[in-house]
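So the chains spell out like this:
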Amino acid sequence: MTYKGLSLTADLHQYLLSHSTPPDEITADLIAETRAVLPGDAVMQVAPEQAAFLRLLTGLIGVRNAVEVGTFTGLSSLSIARGLADGGRLTCFDISEEFTGIARRYWKRAGVDDRIELRIGPAAERLRELPAEPHLDLVFVDADKGGYPAYWNELVPRVRPGGVLLIDNVLWSGEVVDPRDENGRAIAAFNDLARDDDRVELVILPIADGLTMARRR
Ligand SMILES: C[S@@+](CC[C@H](N)C(=O)[O-])C[C@H]1O[C@@H](n2cnc3c(N)ncnc32)[C@H](O)[C@@H]1O
């Protein structure tokens, strides 16, 4: 098949960032604080262009009920929360009080803390607490890669027809075509599972580390 895409060089990535809506002061501070306080873990944070995309998409589809798995210091949740329709709610799942303590501060500073509920604990178990019926408009998954099939199986039935699931890191730095570690193999297996799931139609977007965008049939 002819490939019409291009490889993103550092220059082109910088160009892309400088021609997208820039992060506001709160987002920029969150990115800077995460890098300063958690230098070894900051790589887990979604890319700035993903944050912009999450906010834009959430607004575009008029999300009232959203779930996030993998909150860390809060950049993706902040972006989704800011895009919610009036009265919209975001439920976040994470295992770390330490990481999410930073998220809570930024939610408050942005004035969206009243739209977000944080549930601490292993998401595979905690997701079962959600209502079983298809009530979710948007789901964003960005946690431990081995958990993706479990999160998918808990969440797909809870997404309403026409609702959207976003799954992060599905290209695994490009290694997904020839996985070299446990996480890479988990992502590759998950991508097969999602592609073969008749309950959704999907596309993998080459944004940042690869983002699956699936629409519930
Ligand atoms: C890649 S980071 C999420 C980054 C976040 N989306 C952001 O924008 O900054 C992954 C997060 O998943 C959380 N996590 C790891 N295992 C988990 C599990 N079993 N259940 C819930 N959260 C988990 C980690 O504590 C970490 O905060």
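In this numbering scheme, every chain counts its residues from 1 along its sequence in written order. Totals for whole chains, interfaces and linings use every residue, but because this is a predicted model, local features are given only for residues with pLDDT of at least 70 and side-chain atom pairs only at 80 or more, for both listing and counting. In computing side-chain properties, one takes all heavy atoms of the structure into account and sets aside hydrogens as well as water.

If you look the chain up in an unreviewed UniProt entry, it shows as Caffeoyl-CoA O-methyltransferase from Actinoplanes digitatis.

(A) Representation of the site of the ligand within the structure. Definition of nearness: a residue and a molecule or strand are near each other if at least one heavy atom of the residue lies within 4 Å of the molecule or strand. The environment of the ligand is formed by 20 residues, the closest being Gly70, Ser76, Asp94, Ala123 and Asp142. Identification of polar contacts relies on pairs of N or O atoms within 3.5 Å, with a donor-acceptor requirement for protein atoms, meaning one able to donate a hydrogen and the other able to accept it, and with residues adjacent in sequence counted only if both atoms are side-chain atoms. Between Ile95 and the ligand, the recorded distance is 3.5 Å, taken from a backbone N or O atom to a nitrogen atom. The contact in question runs from a nitrogen atom of the ligand to an N or O atom on the side chain of Asp142, over 2.8 Å. Working definition of accessibility: Shrake-Rupley area with a 1.4 Å probe, residue cover restricted to the visible protein chains. In isolation the ligand has 600 Å² of accessible area, and contact with the protein removes 90% of it. Residues are grouped as follows: Ala, Val, Leu, Ile, Met, Phe, Trp, Tyr, Cys and Pro are nonpolar; Asp, Glu, Lys and Arg are charged; every other residue, Gly included, is polar. A class-by-class count of the residues in the shell around the ligand yields 11 nonpolar, 6 polar and 3 charged.

(B) Region of interest: the pattern of salt bridges. Between Lys or Arg on one side and Asp or Glu on the other, a salt bridge is scored when a side-chain nitrogen of the former is within 4 Å of a carboxyl oxygen of the latter. Scanning the model with the defined rule gives 16 salt bridges in all. In this structure, Arg82 and Asp24 form a salt bridge, with 2.7 Å as the shortest nitrogen-oxygen distance. One end of the pair, Arg82, is in helix H4 (residues 75-83); the other, Asp24, is in the loop between helix H1 (10-18) and helix H2 (25-37), with 58 residues separating them in the sequence. The buried label applies to any residue whose accessible area, calculated with a 1.4 Å probe on protein chains only, is under 20% of its type's maximum; exposed applies above 50%, and partly exposed to all values in between. Under the relative-accessibility criterion, Arg82 is labelled buried at 17%. The exposure class of Asp24 is partly exposed, given its relative accessible area of 31%. For Lys145, the salt bridge goes to Asp142, with nearest N and O atoms at 3.5 Å. In this structure, Lys145 and Asp142 share a single accessibility class: buried. If you follow the salt bridges from partner to partner, you end up with Glu117, Arg119, Arg126 and Glu129 in one network. Helix and strand definitions here come from DSSP, where helices need a minimum of 4 consecutive H or I residues and strands a minimum of 2 consecutive E residues; each element is numbered from the N-terminal end.

(C) Spatial organisation of the packing of H2 against helix H5 (residues 97-109). It is at 10 Å that the axes of H2 and H5 come closest, and there the two elements cross at 165 degrees. By the angle between their directions, the pair H2 and H5 is classed as roughly antiparallel. The hand of the H2/H5 crossing is right-handed. The residues of H5 that touch H2, namely those facing Glu25, Ile26, Asp29, Leu30 and Glu33, are Ile102, Arg105, Tyr106 and Arg109. Per-class residue counts for the contact of H2 with H5 are 4 nonpolar, no polar and 5 charged. Axis definition: a line fitted to C-alpha atoms, over the contacting stretch in the case of helices. Angles run 0 to 180 degrees between N-to-C directions. Here is the rule for angles: anything less than 35 degrees is roughly parallel, anything more than 145 is roughly antiparallel, 65 through 115 is roughly perpendicular, and the remaining ranges are oblique. By definition, turning the near helix anticlockwise from the far helix through less than a right angle yields a left-handed crossing, and turning it clockwise yields a right-handed one. Contact criterion: two residues are considered in contact whenever any of their non-hydrogen atoms come within 4.5 Å of each other.

(D) Spotlight on the sheet that holds strand S2 (residues 89-94). With mixed pairing, 7 strands are arranged side by side in an open sheet as S3-S2-S1-S4-S5-S7-S6. The sheet terminates laterally at strand S3 (116-120) and strand S6 (200-205), the two strands that pair on one side only. Going across the sheet, the axis of each strand differs from the next one's by a mean of 15 degrees, ignoring polarity. Two strands are said to pair when DSSP picks up at least two bridges between them. Here 5 bridges tie S2 to S3, and the two strands are oriented parallel to one another. In the strand pairing of S3, Leu90 is matched with Ile116. Its contacts with the sheet place helix H3 (residues 48-60) against strand S4 (136-141), strand S5 (159-168), S6 and strand S7 (211-216), and it is angled at close to 175 degrees to S5. Most of the contacts of helix H7 (residues 148-155) go to S5, to which it runs at about 165 degrees, and overall it touches strand S1 (65-69), S4, S5, S6 and S7.

(E) Expanded view of H4. In terms of residue burial, H4 counts as a mostly covered element, since 9 of its 9 residues are buried. Looking at H4, one finds that the buried residues are Leu75, Ser76, Ser77, Leu78, Ser79, Ile80, Ala81, Arg82 and Gly83.

(F) Focus on the nonpolar core. The nonpolar core is taken to be a set of buried Ala, Val, Leu, Ile, Met, Phe, Trp, Tyr and Cys residues, with the residues joined through side-chain atoms within 4.5 Å. Counting residues in hydrophobic clusters, the biggest one holds 32 residues, and the most contacted among them are Leu90, Trp107, Leu138 and Leu166. Mapped by element, the contributors of at least two residues to this core are H2, H3, H4, S2, H5, S3, S4 and S5. Among the elements that make up this core, the one with the highest residue count is H5 (5 residues). Residues in contact with Leu166, not counting those within four places in the same chain, are Phe53, Leu54, Leu57, Leu138, Val139, Phe140, Val141, Leu211, Thr212 and Met213. Of all hydrophobic cores here, the second largest spans 27 residues; its members include Tyr151, Trp152, Val159 and Ile187.

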